[in-house]
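Fold and contact review
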Amino acid sequence: MSAVPRSEKPAGRFRRMLDRLSSSQEDLESEELREDAETTGCTKIGDCRDRQIVTVTGTLRTVTLRPRAGVPALEAELFDGSAALDVVWLGRRSIVGIEPGRKLIASGRISMSRGRRVLFNPKYELRPLGRE
């Protein structure tokens, strides 16, 4: 009996639909965020290197007020589906619109701190809420 060679996974639209049905919510959100970063022309956070000047986009996961050397600092975690980045605004206690779940585009120089990527006092733009 001769077997006809078949690919392990069906290709095309059916395969993508099947992958979406079997993926977790976090996987789907990560995929959407990665696609969004590509369409806006931003650098993927996972590709950022120390001291590189970048523009990144993603969703704010957490926002926290912490003192840094006696100075208030608003810290947020930005996630784009490839990795997370800490965004820190020194001397700020709050910024209107900076809240968990909000999409943001940030520009500045990446610093590495204990293996985490950090962006201090970036230029930023809040993205519109809802579907764009």
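The structure presented is a predicted model; accordingly, all values stated were derived computationally and were not measured.

Moving on: the overall build of the protein. Regarding its fold elements, the protein presents 2 helices and 6 strands. Counted from the first residue to the last, the protein has its helices and strands arranged as α-α-β-β-β-β-β-β. Restricting the contact set of the protein to residue pairs at least 6 apart, pairs at least 24 apart contribute 51%. Carbon and sulfur atoms form 49% of the exposed surface of the protein, whose accessible area is close to 8,900 Å².

Core analysis: the biggest nonpolar cluster contains 18 residues, and Val-56, Leu-78, Leu-85, Trp-89, Ile-98 and Leu-104 have the highest contact counts within it. Elements with a minimum of two residues in this core: strand E1 (53-68), strand E2 (71-79), strand E3 (84-90) and strand E4 (103-113). Filtering out sequence-adjacent residues up to four positions away, Leu-85 remains in contact with Ile-45, Val-56, Ala-76, Glu-77, Leu-78, Ile-110, Arg-117, Val-118 and Leu-119.

Let us look at the pairing of E3. Of all the 7 residues making up E3, 5 are buried; the element is thus mostly covered by neighbouring parts of the structure. Relative to E3, E2 is paired through 7 bridges, and the arrangement is antiparallel. Paired with Glu-77 across the strands is Asp-86, a residue of E3. Hairpin geometry of E2 and E3 is characterised by an intervening segment of 4 residues between the two adjacent antiparallel strands and by a positive phi of about 95° at Gly-81.

With 7 bridges joining them, E1 and E4 adopt antiparallel strand pairing. Bridging across to E4, Thr-59 finds its partner in Lys-103. Across 9 bridges, the pairing between E1 and E2 is antiparallel. Residue pairing across strands places Thr-59 opposite Phe-79, the latter belonging to E2.

This part takes up unusual backbone geometry. Of note, Arg-51 is a non-glycine position whose phi angle comes to about 70°, a positive value. Relative accessible area serves as the criterion here: at 55%, Arg-51 is assigned to the exposed category. For Asn-121, which is not a glycine, the phi torsion comes out positive at approximately 40°. Along the polypeptide, Asn-121 turns up in the loop between strand E5 (116-120) and strand E6 (123-126).

Rules used in this analysis
Residues numbered from 1 in each chain as written. Predicted model: local features only at pLDDT ≥ 70, side-chain atom pairs only at ≥ 80, totals over all residues. Heavy atoms only, no water. Helix = DSSP H or I, 4+ residues; strand = E, 2+ residues; numbered from the N terminus. Contact = heavy atoms within 4.5 Å. Areas by Shrake-Rupley, 256 points an atom, 1.4 Å probe, with all protein chains shown as cover. Core = buried A, V, L, I, M, F, W, Y, C linked by side-chain atoms within 4.5 Å. Buried < 20%, exposed > 50% of the residue type's maximum accessible area, 1.4 Å probe, protein only. Pairing = 2+ DSSP bridges.

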